[in-house]
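Results of the structural survey
Now for the letters of each chain:
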Amino acid sequence: MDTAKQGERLRQLLAELDATLTSLRGATATEVEAADAGTSLSENDRSIAMVEAVEAQRLQTLEALARIEDGTYGICVDCGQPVPEGRLEARPEAARCVDCQQKADRASA
Ligand SMILES: [Zn+2]
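1. What to know about the overall build of the protein chain
For the protein chain, the count of helices and strands is 4 helices and 0 strands. A buried classification covers 28% of the 109 residues belonging to the protein chain. Here the analysis covers contacts within the protein chain between residues at least 6 apart in sequence; of these, 57% occur between residues at least 24 apart.

Set out below in structure tokens:
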């Protein structure tokens with residue numbers, strides 16, 4: 001695993017997430033005004049859910065960058081086994097191996 005390269009990807013991902021958040025927040029603010037006028041409340045709820053999802057991914061990205069600093073990047077935070085490179089290719093911010101992620105998802109569901 002080339003952590004320098006993964007770090008680059010993570011920083012790029014972070015910049016994209018920041019840009020997405022900025023535009024989503026802009027859209028949400030507009031829709032809040034629309035909701036005040038009595039329209040489009042569910043549309044606004046959806047935007048808020050999207051902002052929350054992007055914020056969660058942004059946090060995971062920041063944590064992954066911190067793990068690169070620590071030298072623990074690419075190691076599952078739950079079981080301590082290496083996260084497969086293919087998974088890190090697809091999701092550079094992944095903190096867990098597939099098994100542990102599924103367990104974590106079930107626990108939070
Ligand atoms: Zn694991």
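Here the narrative resumes.
2. Let's talk about the environment of glutamine 57
Mapped onto the secondary structure, glutamine 57 falls in helix α2 (residues 41-70). With 44 residues separating them in the primary sequence, glutamine 57 and leucine 13 have C-alpha atoms 9.5 Å apart. Excluding anything up to four places from it in sequence, glutamine 57 contacts Leu13, Leu17 and Glu93.

3. Considering the coordination of the zinc ion
For the zinc ion, the full set of protein donor atoms is Cys76 (SG), Cys79 (SG), Cys97 (SG) and Cys100 (SG), at a range of 2.2 to 2.3 Å. Geometry at the zinc ion is tetrahedral, judged from its 4 donor atoms and the angles of 104 to 118° they form at the metal. Ordering the donors of the zinc ion by residue number gives the pattern C-x2-C-x17-C-x2-C. Here cysteine 97 lies in the loop between α3 (85-90) and α4 (98-108) and cysteine 76 lies in the loop between α2 and α3, a separation of 21 residues in the sequence. Each member of the pair, cysteine 76 together with cysteine 97, is buried.

4. Let's talk about the nonpolar core
Counting residues in hydrophobic clusters, the biggest one holds 11 residues: Leu10, Leu14, Ala64, Leu65, Tyr73, Cys76, Val83, Leu88, Ala94, Cys97 and Cys100. Elements that contribute at least two residues to this core include exactly α1 (3-36) and α2. Of all hydrophobic cores here, the second largest spans 6 residues; its members include Leu17, Leu21, Leu24 and Val54.

Conventions used here
Residues numbered from 1 in each chain as written. Predicted model: local features only at pLDDT ≥ 70, side-chain atom pairs only at ≥ 80, totals over all residues. Heavy atoms only, no water. Helix = DSSP H or I, 4+ residues; strand = E, 2+ residues; numbered from the N terminus. Buried < 20%, exposed > 50% of the residue type's maximum accessible area, 1.4 Å probe, protein only. Contact = heavy atoms within 4.5 Å. Donors = N, O, S within 2.8 Å, 3.2 Å for Na, K, Ca; no water. Tetrahedral: all angles 85-135°; square planar, octahedral: opposite > 155°, others 65-115°. Core = buried A, V, L, I, M, F, W, Y, C linked by side-chain atoms within 4.5 Å.

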